[in-house]
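Fold and contact review
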Amino acid sequence: MSKTASSKETKEKKETAPTGIGGGSIRDALLVPTLAVITGLIIGGIVMLVSGSNPIQAYGALFAGSFGSPSAILSGLQAYFATGDNTLLIKSIYPFTESLVTATPYIFAGLAAAIGFRAGLFNIGAEGQFFIGALCSAFIGYSIKDLPMIIHLPLALLGGALGGAIWGMIPGYLKARFGAHEVVNTIMMNWIAFRLSDWLLKGPMQASNFRPVTPNVFASAELPRFFEAPLRFNLGFFLALLAAYLVYWFLFKTTLGFEVRSVGANPDAAKYAGMNIIKNFVLVMSLSGALAGLAGTAQVLGVDHWVGQGFSAGYGFDAIALALLGKSHPVGVVLSALLFGFLRSGATNMQSVAGIPIDIISIIQGLVIVFIAAPAIIRWFYRIKSLKIDEQTVLTRGWGK
Amino acid sequence: MKKLYFVSALLIIASMVLTACGGGTPATEAPVATEPAMVYKVGMVTDLGGIDDKSFNATAYAGVQQAIDELGVSGKYLESTQQSDYAKNIQQFVDEDTNLIVTVGFLLGVDTAVAAKANPETKFAIVDYSYPDCFGEGFVEGQTCGSASELPNVLGLTFDIDQAGFLAGYAAAASSKTGKVATWGGINIPPVTSFMVGFEYGVNYYNTQKGANVEVLGWDTAASDGSFIGNFESLDDGRSITESLVQEGADVVMPVAGPAGLGGAAYCKETASCWVVGVDTDWTVSASEYSDVVLTSVLKNMNVAVFETAKSIVDGTFAGGVYSGTLANNGVGLAPVAGASDELKAELETIKAGIIDGSIATNP
């Protein structure tokens, strides 16, 4: 929800809810998404039931796979304090940290789509920007030797962000300068990125043996991990949270951010008010691209350390759903990214223990998105009266300027 | 009123969470209950193709299923949807005390090596790849490359697919009316090109035996280069490269490009102008819609290799290193040739025996 809308809303709801950003507006903002998630899980359970699996066992395994088992964590803690041996403890927190690892690229990518939506731009190109960012950071990571970490790591991060930014800037410029629609151009840029990465992985960036993968990045370019193997929890998660805060600050606390939101809400009015539309389009697409690029960067430097074909599981496309789910607000995006991360990560255990195909998670995610996109379904289903204020966020402006 | 619905919604959330927590315990306890029977556990991690790719993963899992049926092991698979899933899926199996973890494809090479090093008690087999791998974390080229001595708990399942490709080349040359046969690949890497090397050698063998002059388009072993589309996914690319090779005169085409090869099969079926040679699996079964244009298929019997490995776990004879699938151990093979004369069938049998005893060379 934009700042203007929420403050207006709070004013009208003064009698029922306390002032400020909390109170009624938060409840209303959370109600539909929460119910959508629950409904998605219930329908997913019905699908499992129909296909002959036990949804209770499945969701139990999903829960254990995404949060870990509380009793194991407890006994791990006991063992650690009793003997100083952390093996059990490490093992017990593995599922939880792994969920955070999975959520990290979702946060970055969701922010990328959200910042675009705020300016009324539909960045479908996050997937391509993700790849370019990953490849740029990997290149810096493996090609420069003997740099101290304090220089190498920021350089690799910056390179990834810059690569994504350039990939996003091009459609932004084309839109601003020639009125070419960003949806078409970002899709085109995706294909260029995919084929470019195929070529790079088979050609200039290929590791020494036959496989179409890049060499490993040097340790000095890796995002530090907080625990020993096999835990992969790394600094990337906190960088993602920092990025979310910066996006919030940019959108809601700076003049530039106000301009961006104004352009998104009504470009004609913004132009009349003397705002530079062209500048804003290019700026927002670059920022969006940089964030998507950082998603790929965090994945390379924090988790994989190399790039191969099939590097992404469609983060760029899930990003659109995340922004939608999070109502294009950084806090919402972080929460929905965590939801996706926990679902995806827990799915491994669900697949293994309960024998449920991993695709069921895609079904649940799809259902949640449908319910978020069409809140009327949820409102009708749970008999919730619609709000007086139109809560919808501006997504895109459609064709033309 | 609104409040009531909110409260009821909260109740639903609470009950969901409770069921989720409640479900957690039986789910984690279930495998423990089966432990005393000492059932060997086999777990397979797929690559990005998924379990129903009708190719690598499906064939390898057929081997696991055979082990379940015949050896009484318990088996399951985990699908990978992205690169970072490899390590996670392997770790999942490690945590479940799986006895044999089968990983499919060279892209899992690094994560398999890392996990094998960290868990020396667990046995691993990796399909279509063999170490030394000088690519993983902490592996130094020329020193610790994850060789058999470094990774005694890993078995690389490789296939001398040129042996089967040789038979296919001979059969293709014998079946060609135009005197030109062709092959093309996805990416120019050894797992792909060894099909093509064998194919060319088989055609050349036919020429010397029969005094014929059948030409191979799309691959040249001497130059180590040929026709490649650069990926394994695009059916359109597969179709157009097949079209151009057929227009150059080829009437038998062997596409070595996984799913993209089906684009070539589609072209042959629509124009009825060419035969196609399937790869990896028997295409008259796995791609049955094209069975009337499938001349034969070059079989990479990953199921045999995986089953043999599972058997060695049960027997206690597992040893790391490299398994080579050959015509002799049925690790590779040739599917029946469509419309083959008895003469051709007999010749193929003779050649097969010749390859097995080493009197016929199938590669440089």
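Quick caveat, the model's predicted, so the values are computed rather than measured. (Residues numbered from 1 in each chain as written. Chains lettered and ligands numbered in written order. Predicted model: local features only at pLDDT ≥ 70, side-chain atom pairs only at ≥ 80, totals over all residues. Heavy atoms only, no water.)

**A word on the overall build of chain B**
The helix and strand inventory of chain B stands at 11 helices and 14 strands. Expressed as a percentage of its 364 residues, the buried residues of chain B come to 54%. Only carbon and sulfur atoms are counted for the fraction: they give 54% of the accessible area of chain B, which is about 14,700 Å². (Helix = DSSP H or I, 4+ residues; strand = E, 2+ residues; numbered from the N terminus. Buried < 20%, exposed > 50% of the residue type's maximum accessible area, 1.4 Å probe, protein only. Areas by Shrake-Rupley, 256 points an atom, 1.4 Å probe, with all protein chains shown as cover.)

**Considering the overall build of chain A**
Scanning chain A from terminus to terminus reveals 16 helices and zero strands. By residue count, 57% of the 401 residues in chain A fall in the buried class. Sequence separation of 24 or more characterises 75% of the internal contacts of chain A that already satisfy a separation of 6 or more. Carbon and sulfur atoms make up 70% of the accessible area of chain A, which amounts to about 16,700 Å² in all. (Contact = heavy atoms within 4.5 Å.)

**Points about unusual backbone geometry**
One non-glycine residue, S328 of chain A, lies in positive phi territory at about 55 degrees. Turning to its location among the elements, S328 of chain A is positioned in the loop between α13 (315–325) and α14 (330–353). With a relative accessible area of 1%, S328 of chain A lands in the buried category. A positive phi angle, near 50 degrees, is found at A272 of chain B, a position not held by glycine. Within the secondary structure, A272 of chain B sits in the loop between α8 (261–271) and β11 (275–280).

**A word on the sheet that holds strand β4 (residues 123–127) of chain B**
Residues and elements named next belong to chain B. The six strands lie next to each other as β2-β1-β3-β4-β5-β13, forming an open sheet whose pairing is parallel. Taken across any chain shown, the strands that pair with only one partner, and hence form the sheet edges, are β2 (74–78) and β13 (321–325). Strand after strand, the sheet turns through a mean of 20 degrees between neighbouring axes, direction not considered. With four bridges connecting them, β4 and strand β5 (residues 154–159) associate as parallel partners. Note that in β5 the partner of A125 across the bridge is L155. Its contacts with the sheet put helix α10 (residues 302–315) on β1 (41–45), β3 (100–104), β4, β5 and β13, and the angle it makes with β5 is roughly 155 degrees. (Pairing = 2+ DSSP bridges. Axes fitted to C-alpha atoms, helices over the stretch in contact; angles between N-to-C directions.)

**Concerning the sheet that holds strand β14 (residues 332–334) of chain B**
In any sheet, the strands associate via hydrogen bonds between backbone groups, in a parallel or an antiparallel arrangement. Residues and elements named next belong to chain B. One open sheet accounts for six strands, arranged β7-β6-β10-β11-β12-β14; its pairing is mixed. Among the strands making up the open sheet, the edge pair consists of β7 (215–217) and β14. Put simply, the sheet's adjacent strands are angled 20 degrees from each other on average, direction ignored. Judged from the five bridges that link them, β11 and strand β12 (residues 294–300) form a sheet pairing that is parallel. Pairing of D280 across the sheet is with L299, part of β12.

**Looking at the state of the cysteines**
All names here are of chain B. This structure, assessed with the given rule, holds one disulfide over all chains. Between the sulfur atoms of C268 and its disulfide mate C274 the distance is 2.1 Å. For the disulfide bridge between C268 and C274, the dihedral angle about the S-S bond is near -110 degrees, and by the sign convention the bridge is left-handed. Classification of C274 by relative accessible area gives buried; the value is 7%. (Disulfide = S-S within 2.5 Å.)

**Here's the deal with the environment of I101 of chain B**
All names here are of chain B. Tracing the chain through its elements places I101 in strand β3. On the accessibility criterion, I101 (0% relative accessible area) is buried. For I101 and K300, which are 199 residues apart along the polypeptide, the C-alpha to C-alpha distance reads 20 Å.

**Things to note about the pairing of β5 of chain B**
Residue and element names in this part refer to chain B. Of all six residues in β5, six are buried, a share of seventy percent or more. Across the two faces of β5 the burial is the same, with V154, G156 and T158 and L155, L157 and F159 all buried. The pairing of β5 with β13 spans five bridges and is classified as parallel. Within β13, the position partnered with L157 by the bridge is Y323.

**Let's talk about the confidence of the model for chain B**
All names here are of chain B. Per-residue pLDDT for chain B averages 84, and the proportion of residues at 70 or more is 85%. Predicted confidence is poor over residues 16–36, with pLDDT under 50, and the contacts of this stretch with residues over four places away or in other chains come to 16 contacts. Per-residue pLDDT stays below 50 along residues 139–146; that stretch engages in 22 contacts with residues further than four places along the chain or on separate chains. Both scores are available for the predicted complex, with the pTM at 0.81 and the ipTM at 0.82. (pLDDT = per-residue confidence, 0-100.)

**Points about the pairing of β2 of chain B**
Residue and element names in this part refer to chain B. Pairing geometry for β1 and β2, over five bridges, is parallel. If you follow V42 over to β2, its bridge partner there is G75. For the handedness criterion, the β-α-β arrangement of β1, helix α2 (residues 56–71) and β2 is classed as right-handed. (Right-handed = clockwise from strand over helix to strand, strands pointing away.)

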